[in-house]
Amino acid sequence: MPKRTVTVLGLGAMGSAIAQRLRDTGHDTTVWNRTAAKTRPHAEAGSRAAPTVAAAVAASDIVFVVLLDHASVREHLEPVAADLKDRTVVNLTTTTPNQARDTAAWAAEQGLTYLDGAIMAVPSMIGEPHSRLLYSGDAGAYETARTVLETLGTAEFEGADAGLASLKDMALLSAMDLMFAGYVQAIAMMRTVGATAVDTAEEVHAWLAAMLPHGRGLAEIIDGGTYDTGGQSVDFDRIGLASLIAASREQGVRADLLEPHKKLLDELAATGHGADDWLRVIERLTIH
Ligand code: FVH
């Protein structure tokens, strides 16, 4: 199959890695960046540097957008809507699900072929199989671009709702954020007795590795929808969390990262769910 012509808008750390990978896999690659100097190494490596977004878009049939945020995407796509006709636009910029849906709706109004994407990888992983890229929205656009998308890593289509890739991205990043906040909490507590951050991180790693296999069982309880499991109850966990908070403060460490979880469990206890499995906490997370 002939290689596709591709354009990359945005040459930050991620856009550069994507442009490099597309070039390395034999694609005719055009690049544009707001700060033009960043196009120079790409031009030297064989890409075409476009002076404007319009020129960049005109050069290729697949246009990757790898800008900072939703606002910068719209700022630069809206003026070239007419030039984007007959192109496939793949937006890999991190946005919220509703921002992704909003851009997909705007693209549909303009008669554009638009696919939203989310990157579960850091730049050095681009092109590796463990680099995971999620896509959602226009299934036809996904199929059209698929062979090119697969050069960036494992490509997965999440569904027709353009917000789905972003939603999964945000959900997985939320889990990561809370986990690494946990590392910092443990390090802050152990530092008070002279432990290095590296030593505590090793301890946390070993502990979490031992605990991680339990995650599936917890999820099965939630999917079951009943919280009379006889497992760890709301009241039991409230006592445990109160101890964690007290221990942290005794050591002169703020417990701000722990308190929100305790607050949610307290709400459950106050509404008569103290004996339920603590996983009922998921119901307190839903905003009604
Ligand atoms: N880097 C990573 O590990 C993560 C992994 C997961 C996905 N993200 C998302 O990818 C988008 C780009 O991230 P990045 O790492 O390339 O970000 P920077 O290196 O900071 O580069 C930002 C580029 O955006 C350009 N830019 C910013 N504001 C504007 C604007 N108003 N108009 C035009 N371009 C703009 C910036 O241009 P310049 O500063 O060089 O002129 C860079 O090209 C992002 O959504 C991550 O969340 C990466």
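You'll find the chain entered in an unreviewed UniProt entry as 3-hydroxyisobutyrate dehydrogenase, with Glycomyces harbinensis given as the organism. UniProt, in its Sequence similarities (unreviewed entry) section for the chain, records the words "Belongs to the HIBADH-related family."

## Some points on the environment of Asp 199
Relative to the assigned elements, Asp 199 resides in helix H8 (residues 197–211). Note on Asp 199: 13 C-beta atoms within 10 Å, which makes it partly exposed. Sequence separation between Asp 199 and His 288 is 89 residues; the distance between their C-alpha atoms is 43 Å.

## Some remarks on the site of the ligand
For the ligand, the set of nearby residues contains 22 residues, the closest of which are Gly 12, Arg 34, Thr 35, Leu 68 and Thr 94. Sorting the residues of the shell around the ligand by element identifies helix H1 (13–24) and helix H4 (70–77) as the ones contributing at least two each. Across the shell around the ligand, the residue classes break down as nine nonpolar, nine polar and four charged.

## A closer look at the nonpolar core
Counting 49 residues, the largest nonpolar core has Val 8, Leu 9, Ile 18, Val 63, Phe 64, Val 65 and Val 66 as the members making the most contacts within it. If sequence neighbours within four positions are ignored, Ile 18 has contacts with Val 8, Phe 64, Val 66, Ile 126 and Leu 152. Counting residues in each nonpolar core, the second largest holds six residues, with Val 234, Leu 241, Leu 265 and Leu 268 among its members.

## Quick notes on the pairing of strand E8 (residues 154–157)
Of the pairings in the sheet, the one linking strand E7 (residues 132–137) to E8 comprises four bridges and is parallel in character. Bridge pairing in E8 links Leu 133 to Ala 155. At this point the chain moves from E7, through helix H6 (residues 139–149), to the parallel E8, and the crossover so formed is right-handed.

## A word on the confidence of the model for the chain
Confidence along the chain averages 97 in pLDDT terms, with 99% of residues attaining 70 or more. Confidence metrics for the complex model read pTM 0.94 and ipTM 0.99.

## Things to note about the domain arrangement of the chain
Under the domain assignment, the chain is made up of domain 1 (5–160) and domain 2 (168–285). Just the C-alpha atoms count here: the centres of domain 1 and domain 2 sit 38 Å apart. Counting residues at the interface gives seven residues for domain 1, matched by four residues for domain 2. Here the side of domain 1 that touches domain 2 is composed, by residue class, of four nonpolar, two polar and one charged.

## Some thoughts on the packing of helix H7 (residues 164–191) against H8
Here H7 crosses H8 at 130°, and the two axes come no closer than 9 Å. Considering the angle they form, H7 stands oblique to H8. Where H7 crosses over H8, the two elements pack in a sense that is right-handed. Judged by residue contacts, Tyr 183, Ala 186, Ile 187, Met 190 and Arg 191 of H7 engage Ala 197, Thr 200, Ala 201 and Val 204 from H8. Tallied by class, residues from the contact of H7 with H8 come to seven nonpolar, one polar and one charged.

## Looking at the UniProt feature "domain: NADPH-dependent reductive aminase-like C-terminal" (unreviewed entry) in the chain
UniProt marks residues 161–285 with the feature "domain: NADPH-dependent reductive aminase-like C-terminal" (unreviewed entry), using the numbering shown here. Spanning residues 161–285, this segment combines 70% helix with 0% strand, and its end C-alpha atoms are found 23 Å apart.

## Description of the sheet that holds strand E1 (residues 5–9)
Consider a sheet: its strands pair through backbone hydrogen bonds, and that pairing is either parallel or antiparallel. Pairing within the open sheet is mixed, and its eight strands lie in the order E3-E2-E1-E4-E5-E6-E7-E8. Among the strands making up the open sheet, the edge pair consists of strand E3 (48–49) and E8. Sheet strands in contact with H7 are strand E6 (113–120) and E7, and its direction is about 15° off that of E6.

## What about helix H9 (residues 215–224)?
H9 sits mainly on the outside: zero of its ten residues count as buried. Phi turns positive, to about 80°, at Gly 225, one or two residues after H9.

Parameters and conventions
Residues numbered from 1 in each chain as written. Predicted model: local features only at pLDDT ≥ 70, side-chain atom pairs only at ≥ 80, totals over all residues. UniProt positions renumbered as here; feature names shortened; annotations may be inferred. Helix = DSSP H or I, 4+ residues; strand = E, 2+ residues; numbered from the N terminus. Buried ≥ 20, exposed ≤ 12 C-beta atoms within 10 Å, placed from the backbone. Near = placed C-beta within 6 Å. Nonpolar A, V, L, I, M, F, W, Y, C, P; charged D, E, K, R; others polar. Core = buried A, V, L, I, M, F, W, Y, C linked by C-beta atoms within 7 Å. Contact = placed C-beta atoms within 7 Å. Pairing = 2+ DSSP bridges. Right-handed = clockwise from strand over helix to strand, strands pointing away. pLDDT = per-residue confidence, 0-100. Domains from an automatic or database assignment. Axes fitted to C-alpha atoms, helices over the stretch in contact; angles between N-to-C directions. Parallel < 35°, antiparallel > 145°, perpendicular 65-115°, else oblique. Left-handed = near helix turned anticlockwise from the far one by under 90°.

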